[in-house]
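Per-entry structural report
What follows is the residue order along each chain.
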Amino acid sequence: MEEQGLIKKDADEYFLTDKGKSLNKVIYDLVEFTLDNNKELYDEKTIIKAKEGFKKQLLNQSC
């Protein structure tokens, strides 16, 4: 992923580059699809909580 410019290593930590951050929407869509299509595994409250938590992370990483 580093070679493709999606992540960058700084000391001992990896960070998303702007290019990597651009994948957040795609990743959110995959998470949402997984939650919505596996309702036998998750109750509605868990699905809503997971989506809201991921949206918060998505917004925080977009800055």
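About the cut-offs
Residues numbered from 1 in each chain as written. Predicted model: local features only at pLDDT ≥ 70, side-chain atom pairs only at ≥ 80, totals over all residues. Heavy atoms only, no water. Pairing = 2+ DSSP bridges. Helix = DSSP H or I, 4+ residues; strand = E, 2+ residues; numbered from the N terminus. Patch = residues over 30% accessible without salt bridge, like charges linked within 9 Å, V, L, I, M, F, W, Y side chains within 5 Å. Areas by Shrake-Rupley, 256 points an atom, 1.4 Å probe, with all protein chains shown as cover. Salt bridge = Lys/Arg side-chain N within 4 Å of Asp/Glu carboxyl O. Buried < 20%, exposed > 50% of the residue type's maximum accessible area, 1.4 Å probe, protein only. Polar contact = N/O pair within 3.5 Å; in protein donor to acceptor, adjacent residues only side chain to side chain.

**Describing the pairing of strand E2 (residues 13-16)**
Strand direction decides the pairing type here: strand E1 (residues 7-10) and E2, joined by 4 bridges, are antiparallel. Across the sheet, aspartate 10 pairs through a bridge with glutamate 13, a residue of E2. The hairpin formed by E1 and E2 contains 2 residues between the paired strands, and alanine 11 there has a positive phi angle of roughly 60°.

**Considering a nonpolar patch on the surface**
A contiguous nonpolar patch, built from Leu23, Val26, Ile27 and Leu30 and spanning about 330 Å² of accessible area, is present on the exposed surface. Checked against the element boundaries, leucine 30 lands in helix H2 (residues 24-36). Accessibility expressed as a relative area gives 54% for leucine 30, which makes it exposed.

**Looking at unusual backbone geometry**
A positive phi angle is found at alanine 11, which is not glycine, with a value near 60°. Within the secondary structure, alanine 11 is located in the loop between E1 and E2.

**Thoughts on the side chain of threonine 17**
Along the chain, the position of threonine 17 falls in the loop between E2 and helix H1 (18-21). Note on threonine 17: relative accessible area 18%, which makes it buried. For threonine 17, the side chain forms a polar contact with the main-chain oxygen of glycine 5, separated by 2.4 Å.

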